[in-house]
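Survey of secondary and tertiary structure
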Amino acid sequence: MKTNPDWKQMRSLHLISPLQIRTELAAAMTAALASKFQVEIPSVEVLPSRNLSFGDLACNSAMPLAGKLKRSPRDIATVMADSISNSFPQVDKVSVDGPGFLNITLSGEYLAEFTAAVAERGLGRFIPSEGKGKTALVEFVSSNPTGPLTVGHCRQAVLGDAVSRLLEAVGWNVEREYYFNDAGKQMERLAESLASRYMNILGVAMEIPEGGYQGEYIKDWAEDFLKEKGDSFKWPEQKDDFREYAASRAFVLISEDLKLLGITFDRYFAESELIPDAVENTLKLLDTKELIYKDSEDPRKIWLKLSEMGRPDDRVVVRDDGTYTYRMPDISYHLNKFKRDYDLIVDIFGSDHIDTCKDVETVLGNLLGEEIVSTRLRTILHQFVTLVRGGEKVKMSTRAGNFVTLRDLVDEVGSADVVRYIFLTRRAEAHMDFDLEAAGADNDENPVFYVQYAFARISGILRKVSDVESLLHLCNAERLESILTGDRERNLMRLLETVPLKVSAAATSLEPHRIPDLLAEVARAFHGFYQHHRVVDPDNNEITAARLTLCMAVRSTLNDLLTILGVRAPEKM
RNA sequence: GCGCCCGUAGCUCAGCUGGAUAGAGCAACGGACUUCUAAUCCGUAGGCCACAGGUUCGAAUCCUGUCGGGCGCACCA
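All of the points below concern the structure found in this document. Not measured: the values here are computed from a predicted model. (Residues numbered from 1 in each chain as written. Chains lettered and ligands numbered in written order. Predicted model: local features only at pLDDT ≥ 70, side-chain atom pairs only at ≥ 80, totals over all residues. Heavy atoms only, no water.)

Re the pairing of strand E4 (residues 101-106)
Both faces of the sheet carry side chains from a regular strand, because those side chains alternate between them. In terms of burial, E4 is largely enclosed, as five of its six residues are buried. Of the pairings in the sheet, the one linking strand E2 (residues 57-59) to E4 comprises three bridges and is antiparallel in character. Counted as the bridge partner of Cys59 is Leu102 from E4. As consecutive antiparallel partners, strand E3 (residues 91-97) and E4 are separated by three residues, and within that stretch Gly98 has a phi angle of approximately 55°, a positive value. (Buried < 20%, exposed > 50% of the residue type's maximum accessible area, 1.4 Å probe, protein only. Helix = DSSP H or I, 4+ residues; strand = E, 2+ residues; numbered from the N terminus. Pairing = 2+ DSSP bridges.)

Re the packing of helix H10 (residues 277-288) against helix H11 (residues 327-339)
Axis separation between H10 and H11 bottoms out at 9 Å; the angle between their running directions is 90°. Here H11 runs roughly perpendicular to H10, going by the angle between their axes. When H10 is examined against H11, the residues Ala278, Val279, Thr282, Leu283, Leu285 and Leu286 are found in contact with a partner set consisting of Met328, Pro329, Ile331, Ser332 and Leu335. Per-class residue counts for the contact of H10 with H11 are nine nonpolar, two polar and no charged. (Axes fitted to C-alpha atoms, helices over the stretch in contact; angles between N-to-C directions. Parallel < 35°, antiparallel > 145°, perpendicular 65-115°, else oblique. Contact = heavy atoms within 4.5 Å. Nonpolar A, V, L, I, M, F, W, Y, C, P; charged D, E, K, R; others polar.)

Digging into the sheet that holds strand E15 (residues 432-435)
The three strands lie next to each other as E14-E13-E15, forming an open sheet whose pairing is mixed. Bordering the open sheet on either side are strand E14 (392-393) and E15, each of which pairs with just one other strand. As paired strands, strand E13 (residues 385-389) and E14 are joined by two bridges and run antiparallel to one another. Paired with Val388 across the two strands is Lys393, which belongs to E14.

Things to note about the protein's contact with RNA strand B
Of all residues adjacent to RNA strand B, which total 65 residues, the nearest are Lys301, Arg319, Arg426, Tyr453 and Asp517. At 3.2 Å, a side-chain N or O of Asn144 approaches a sugar or linking oxygen of RNA strand B. His431 places a polar side-chain atom, nitrogen or oxygen, 2.7 Å from a base nitrogen of RNA strand B. Elements with a contribution of two residues or more to the surface near RNA strand B: helix H3 (62-69), E4, helix H7 (185-201), strand E10 (315-318), helix H12 (354-368), E15, helix H17 (447-464) and helix H21 (514-532). With eight residues, H17 is the single largest residue contributor to the surface near RNA strand B. Residue classes in the surface near RNA strand B are distributed as 20 nonpolar, 22 polar and 23 charged. (Near = heavy atom within 4 Å. Polar contact = N/O pair within 3.5 Å; in protein donor to acceptor, adjacent residues only side chain to side chain.)

A look at the sheet that holds strand E8 (residues 292-294)
The three strands lie next to each other as E8-E9-E10, forming an open sheet whose pairing is antiparallel. Strands at the two margins of the open sheet, each flanked by one partner only, are E8 and E10. Ignoring which end each strand starts from, the neighbouring axes of this sheet average 40° apart. With three bridges joining them, strand E9 (residues 302-304) and E10 adopt antiparallel strand pairing. Across the sheet, residue Trp303 finds its bridge partner in E10, namely Val316.

Some words on the packing of H17 against helix H22 (residues 541-565)
Packed helix pairs are specified by the crossing angle of their axes together with the interaxial distance, meaning the distance between the axes. Remark: H17 packs on H22, axes separated minimally by 10 Å, with the N-to-C direction vectors making an angle of 140°. One way to sum up the angle between H17 and H22 is to call them oblique. Considering the relative orientation of H17 and H22, their crossing is left-handed. Contacts from Val451, Ala454, Phe455, Ile458, Ser459, Ile461 and Leu462 in H17 reach Leu548, Cys551, Met552, Val554, Arg555, Leu558, Asn559 and Leu562 in H22. Its residues assigned to classes, the contact of H17 with H22 comprises 12 nonpolar, two polar and one charged. (Left-handed = near helix turned anticlockwise from the far one by under 90°.)

Quick notes on H12
Taking 1.5 Å of rise per residue, the 15 residues of H12 would be expected to cover 21 Å, and the 21 Å separating its terminal C-alpha atoms lies within 8% of that figure. Along H12, the residues that are buried comprise Thr356, Cys357, Asp359, Val360, Thr362, Val363, Leu364, Gly365 and Leu367. Taken from the residues just after H12, Gly369 is the one with a positive phi, measuring 105°. (Expected span 1.5 Å × (residues − 1).)

Digging into a negative patch on the surface
Where like charges cluster on the molecular surface, the negative patch consists of Asp433, Asp435, Glu437, Asp444 and Glu445. Mapped onto the secondary structure, Asp435 falls in strand E15. With a relative accessible area of 33%, Asp435 lands in the partly exposed category. (Patch = residues over 30% accessible without salt bridge, like charges linked within 9 Å, V, L, I, M, F, W, Y side chains within 5 Å. Areas by Shrake-Rupley, 256 points an atom, 1.4 Å probe, with all protein chains shown as cover. Salt bridge = Lys/Arg side-chain N within 4 Å of Asp/Glu carboxyl O. Lys, Arg positive; Asp, Glu negative; His and termini not counted. Charge placed at Lys NZ, Arg CZ, Asp CG, Glu CD.)

With respect to helix H4 (residues 73-84)
Residues separated by three or four positions in an α-helix point in the same direction, a consequence of the helix having 3.6 residues per turn. Over its 12 residues, H4 extends 17 Å from the first C-alpha to the last, a length consistent with the 16 Å expected when each residue adds 1.5 Å. Among the residues making up H4, those that are buried are Ile76, Ala77, Val79, Met80, Ala81 and Ile84.

Brief notes about the packing of aromatic side chains
Applying the stated criterion across every chain yields a total of 24 aromatic pairs. For the pair Phe225 and Phe242, a centre-to-centre distance of 4.9 Å together with 20° between the ring planes defines the contact as stacked. Placement of the pair is Phe225 in helix H8 (residues 216-229) and Phe242 in helix H9 (residues 239-260), with a sequence separation of 17 residues. Judged by its relative accessible area of 0%, Phe242 is buried. Between the aromatic rings of Phe526 and Phe529, the centroid separation amounts to 5.9 Å while the plane-to-plane angle is 50°, which identifies the pairing as tilted. Of this pair, Phe526 and Phe529 both sit in helix H21, three residues apart, which is roughly one turn of the helix. (Phe/Tyr/Trp six-rings, centres within 6.5 Å; stacked < 30°, edge-to-face > 60°.)

Quick look at the pairing of E3
In this structure, E3 lies alongside E4, joined through six bridges in antiparallel fashion. The partner of Val96 across the bridge, within E4, is Leu102.

Considering the state of the cysteines
Evaluated as defined, the whole model comprises zero disulfides. Note on Cys475: no disulfide assigned, nearest cysteine sulfur contributed by Cys551 at a separation of 12 Å. The class for Cys475 is buried, based on a relative accessible area of 11%. Judged by its relative accessible area of 1%, Cys551 falls in the buried class. (Disulfide = S-S within 2.5 Å.)

With respect to empty space enclosed by the protein
Summed over all chains, the structure comprises one cavity of 30 Å³ or more. Approximately 30 Å³ is the volume found for the largest cavity. Every residue lining the largest cavity is listed: Arg155, Val158, Leu159, Phe423, Leu424, Arg426 and Ala428. It is helix H6 (residues 151-169) that provides the largest number of residues to the lining of the largest cavity, a total of three residues. Residue composition of the lining of the largest cavity, grouped by class: five nonpolar, no polar and two charged. (1 Å grid on protein atoms, 1.4 Å probe; cavity = no way out; pocket = protein on both sides within 12 Å on 5 of 7 lines; lining within 4 Å. Points joined across faces, edges and corners; volume = space filled by probe spheres on them.)

Some points on the pattern of salt bridges
For the coordinates displayed, the defined rule picks out 32 salt bridges. Here Arg267 and Glu177 are joined by a salt bridge, their closest N and O atoms 2.3 Å apart. Separated by 90 residues along the polypeptide, Arg267 in strand E7 (residues 267-270) and Glu177 in strand E6 (residues 173-180) bring together distant segments of the chain. What makes Arg267 partly exposed here is its relative accessible area of 31%. Of the charged contacts, one joins Arg389 and Glu412 as a salt bridge, the two residues approaching to 2.8 Å between their closest N and O atoms. Here Arg389 is found in strand E13, whereas its partner Glu412 is found in helix H14 (residues 406-413), with 23 residues between them in sequence. Taking relative accessible area as the criterion, Arg389 reaches 37% and is therefore assigned partly exposed. Relative accessible area serves as the criterion here: at 38%, Glu412 is assigned to the partly exposed category.

By themselves, these figures tell us nothing about what the structure is for.
Shown next as structure tokens:
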């Protein structure tokens, strides 16, 4: 998926990429308008047709240009149509329809060449590689290391991994990073909660602190702590021992949870690494820029002047005991990320982070320049997940310790593929009801199987054929075009041709939810084709070869799209 | 009260940098297995795109307001 198209080789085959044909058509039409009307013309846009019955590509630029050129939209569209109608072998038909739409139908020759090339060399090389040679950092999950991951983290984990994979699909070199908050007040509470359980085992009364952690897993940790380290520890004398032990156990817990979904990180970045040097440097920097001030009553307490930067309220960044609030190391962390010089920094947070991440962005803008921050930092805030079982909402409460964990979810659903796919079907900013019964169902209520089944079917066909390679060599683009003339075959090729640019658009907008839609569309078109056309015909090698070529192209497309979601492409089901 | 997100078919959701008849899956109804896996296919039905204004040649899409839901408004993260 990472290789770049070899344009020269394609030229020799008369094949140009989906992106290039669109670019060339737009350029030709823009040039024709400029020369005919002798005015500056904003570049026209060639877009996918909304409805395939109009054609493959459409352009509506004639309508907005009508006022400026003082001509009717249809006249303008006609000028555009004339400029491309006979000069592109990739174009079969151009028409002007309705109020001034320009509709373009791609030629069978081009579609056949494209399909053959995808079958032979894979779809990946046709995806425009905008990210080639560039690096991106994607931060996600970053949950407090205080316990197992929950359903909310699960959505974020899946989303972050898919965003990363999507960026990789268009050529980015991606690093996945988990910011490990191991230095804050929550860690203190966790350590004390552990100490409390430990003391209880030893028969000493000690309450779990206010806001502490009640989960059963802490009891297990306490028992292990006792076994491994002995019974001589006291709170708060050996505070650090409790804290370190809890953090390391939480770390293991979290990485095992992530492993259930097949997610790994390139780096776990510990907040404690920033303390105190990096944070003190950041404070000095903020002070130099006069963005902080001392509290009027307690000079050890330090405030951030957010209200002067257009945010609603000033915030404390250093408490009177000298410890930092969440925002402080987070600003340092982001400065660190910028210093590492990525071309793109993606932050993924739950919607409860809205205020803090706006604050951090604002401060970064003041320190580094708004231009740099707005072009290089992109934040995805996802909404929460409501679990539904049998039409009833599943109550979740972190405090009481009866939350549904990521592990529970994957166990109940029974498949990481299903969990990933369903989470990725909704766009990040939309609320989401996750129906445990439907997700756990082993039937056609489950959208994942529909797509995977298409891949498995193709694999089944391939198993029927003894020598796929030599059969495929029987089939060149010309033959493909003359044999695959059915509507279903033709529409399948048309659909495949749009995939590279749709992937590219999804990556540009950091929206992996577009991929499941696309997958379902490809699978649907394939299932329809499969039902109506027999692929393997022992008496007709030519037809077999042509349809097999199409199957190979679909297979490659499904595989690449499933890879973006991190969902398996099974040979058998 | 303030900020952000959401409100599209019975259910879950796409479509939202404005464009030609609003889409899909599931559920419902009617059909299709002596043929490469029927976890499939074909067909039918289902919608004042929350509501009210505005911008324009054109609005589910942009703006304003109202109503409804989620999240936040910590010296937690």
